Amino acid sequence: MRVWIDGHIVDGSEARIPVTDHGLLYGDGIFEGMRIYGRRVFRLEDHMARFAVAAKALALELPGGIRATRQIVLDTASDFAADEAYIRLIATRGDGPLGIDPTTCPEPRLLCIIDRIAVYSEEKQRVGVDLVTSSLRRPSPDVLDPRVKSLNYLNNALAKLEAKQHGADDALLLNAAGMIAEAAVANVFVVRDGDVLTPPSTDGALEGITRATLMGLATAHGFRVLEKSLGRFDLFAADEAFLTGSGAGVVPIRSLDARTIGDGSPGPVYQKLRAAFIEAAPSMGVAFE
Ligand SMILES: Cc1ncc(COP(=O)(O)O)c(C=O)c1O
């Protein structure tokens, strides 16, 4: 692991931040998770755009602005020099006294971490993941807008913990109305009668960049793609289902709450779209030196 911190790139074991950082004290901050595929930062401009808007939503001034932040991502990628990797870009409110007031923090802190990642084992990526419906609900957009990738991931972490405690791989999170929002850190897709369906962000889903890519590829392959409210029934009745995310990749869902999805094996639409994604991903990235 390598980390950009305070203008230098250091080994992960050497990177330190003060305990007075409001990202730690209050979860006051934002992040992006990005992938390097084929030695290119996948959809870097989209990640930068989402990061810039999230910063604006939190009234957080990025030190040096978004152009400087983009360059930090590329410099960190160059330093690591891997064909495949995961990048975690973080902006916190920065150091301040105890007390939640963000105006007491004079300067936000930027961090950029790069490492390899495997959210699911190779075996799980091949056969599919098992989900359980979480007892926790996704916060509604008027509580915490899902379009902001904030450092408030307790809801997601506790849902994941609950899933693991039940022997599953991941959690399915519903919103307050009982409709599907997303998995702990991935978007949900359902395939039914040849249509490719995914919940809208108004149901509590992050507007995932892998999700947008899959929607584009599915459209290009002639599928009807719809953002549509979905319930658990839609997953039980699905021919196929899969998850997407920068960390998760594109992985099939094998079961939900002990009901097999489709025939229990990765379906033809999933296989076609995943192959298209793997082929297209490197060409959708920004090269680094
Ligand atoms: C809550 C949540 N939903 C969905 C996703 C997937 O979004 P993306 O494809 O932009 O990584 C993520 C990030 O990985 C996430 O944290």
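Source: prediction; values computed, not measured.

### Some words on helix H8 (residues 268-280)
For an α-helix, the turn length of 3.6 residues means that residues three or four places apart are oriented alike.
Link 1 in the chain: Here H8 contains 13 residues, and its C-alpha end-to-end distance of 18 Å stays within 8% of the 18 Å for a straight helix at 1.5 Å per residue.
Link 2 in the chain: Of the positions making up H8, those classed as buried are Val269, Tyr270, Leu273, Arg274 and Phe277. When H8 is viewed along its axis, its buried side chains cluster within an angular range of 125° and face the same direction. Counted as exposed and oriented over 90 degrees from the buried face of H8: Pro268, Ala275 and Glu279.
Link 3 in the chain: Against strand S10 (187-192), strand S11 (195-198), helix H6 (209-220), strand S13 (240-245) and strand S14 (249-256) lie the buried residues of H8.

### Observations concerning the pairing of strand S6 (residues 109-115)
The side chains of a regular strand alternate, first on one face of the sheet and then on the other.
Link 1 in the chain: Of all seven residues in S6, six are buried; the element is thus mostly enclosed.
Link 2 in the chain: By the bridge criterion, four bridges tie strand S1 (residues 2-5) to S6 in an arrangement that is antiparallel. Following the sheet pairing, Trp4 is matched in S6 by Cys112.
Link 3 in the chain: With seven bridges connecting them, strand S5 (residues 85-92) and S6 associate as antiparallel partners. Residue Thr92 lies in a different strand from S6, and its bridge partner there is Arg109.

Definitions and cut-offs
Residues numbered from 1 in each chain as written. Predicted model: local features only at pLDDT ≥ 70, side-chain atom pairs only at ≥ 80, totals over all residues. Helix = DSSP H or I, 4+ residues; strand = E, 2+ residues; numbered from the N terminus. Expected span 1.5 Å × (residues − 1). Buried ≥ 20, exposed ≤ 12 C-beta atoms within 10 Å, placed from the backbone. Arc of directions from axis to C-beta. Contact = placed C-beta atoms within 7 Å. Pairing = 2+ DSSP bridges.

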